[in-house]
Amino acid sequence: MDTVRNIRTRICCCKRRLILVNVWINIFSGRLPSVSHPILQKKVRLSLIFGIIAAALWGLHDLLVRLVSQRLGVLNSLIWVIFFGTIFLFFFSLIQFNSLTIYPENLSQSFFLRQEIILSGIFFSIAMLALFKSLKIGPLAIVAPIIGIYPIISLILAYLAGAEIRLIFWPLVFFVVLGIAVISIATPEESAQNELDSHKKYWSIQYHFPAIIYSLLAAVSFAITFHFGQQASNSSNTLEVSLHSRVVTFTVIFLVFIFTQTIIIPRAREIFFLGLMGLLDVAAISLVFGAGKLEMPALAPVAAANFGIFTLVLAYFILGEKLNTLQVAGIISVFSCLTVILLV
């Protein structure tokens, strides 16, 4: 009996894995309007799972930033990551269309006529530029918690767009954001720790007002990006939406970049890591956009906001970095809330 029961359990697990793989493939090929299989109904919210996977990909992406940003700089790394990510999306789209002759027709039909795609690309470029500017002029302990409120903004945008948000989700998302804030505050900075101990102005709102404004701009822009991206993906092919949105993002950032920075050509080793980061980045944002086809798509940005947790955990296991008590408490808080959202 135990042997038969174990075999049945393994068969059931295999079926669930196959179902999740098929759902993932269908979402990226634009053929899944909703999740209808009973295994995925009621208890499991696939949009949240997509967000968690996106957070893991972005967490690994941020870990790799340390390997290439020392020589290139953060902004140079950013422009190359977006470039390589756009190239990957372009080739994936060509594979899907199976022909170069079909692609321009789809481009004119879905890109120039869809303002959601254009707006998602513009706001993502604004979010990234505001993010790096805020981190450059302000301390992480102030900047990161402010940027981390974008899950709440995403939930508000979904509610204003007519989505039914269960009452229990609001406090759970609030505690997710609170956990992110605790982790950010508990994460020591390389250069600002002495200043934290010796200058009261470190915590002065007036002193860090520009950083706060840029942080708020980044948070709002991230939320709007995912909102428009999911709206476009709901009725279009996710790969197309991601590609065209990324083309807009690259164009805006490149135009800003050429007037403010000097482009540094990456070395061979750096190209490998930048290409990998570009692939991780577009896979993550495509998952969040693709959740637009699912029930409660606003949960994907909520979960994706926890990419910093995955960076800390990966750094702990790969680089041997330490986690303090507050960081561990924040991680437990966040994943406890996400688990409740997943199962209720």
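Below: a short report on this structure.

What counts and how
- Residues numbered from 1 in each chain as written.
- Predicted model: local features only at pLDDT ≥ 70, side-chain atom pairs only at ≥ 80, totals over all residues.
- Heavy atoms only, no water.
- Helix = DSSP H or I, 4+ residues; strand = E, 2+ residues; numbered from the N terminus.
- Buried < 20%, exposed > 50% of the residue type's maximum accessible area, 1.4 Å probe, protein only.
- Axes fitted to C-alpha atoms, helices over the stretch in contact; angles between N-to-C directions.
- Parallel < 35°, antiparallel > 145°, perpendicular 65-115°, else oblique.
- Contact = heavy atoms within 4.5 Å.
- Nonpolar A, V, L, I, M, F, W, Y, C, P; charged D, E, K, R; others polar.
- Expected span 1.5 Å × (residues − 1).
- Arc of directions from axis to C-beta.

With respect to the helices and strands, I264 occurs in the loop between α11 (238-260) and α12 (268-290). By relative accessible area, which is 27% here, I264 ends up partly exposed. In sequence terms I264 and N76 are 188 residues apart; their C-alpha atoms lie 6.7 Å from each other.

Relative orientation of the contacting elements helix α10 (residues 209-235) and α12 amounts to 65°, with a least axis distance of 7 Å. By the angle class used here, α10 and α12 are roughly perpendicular. Of α12, the residues touching α10 (which contributes T225, F226, G229, Q230 and S233) are I285, V288, F289 and G290. Along the lines of polarity and charge, the residues of the contact of α10 with α12 split into four nonpolar, five polar and no charged.

What follows concerns unusual backbone geometry. The bulk of non-glycine residues show a negative phi, and the bulk of peptide bonds are trans. One non-glycine residue, M296, lies in the positive phi region at around 50°. Looking at the secondary structure, you find M296 in the loop between α12 and α13 (299-304).

Once that is clear, we can look at helix α15 (residues 325-343). Compared with an ideal rise of 1.5 Å per residue, which puts 19 residues at 27 Å, α15 spans 27 Å between its outermost C-alpha atoms and is within 8% of the ideal. Taken residue by residue, α15 has Q327, G330, I331, V334, C337, L338, I341 and L342 as its buried positions. Each buried residue of α15 lies within a common arc of 145° when the element is viewed along its axis, so the set occupies one face. Turned more than 90 degrees off the buried face of α15, the exposed positions are T325, I332 and L343.

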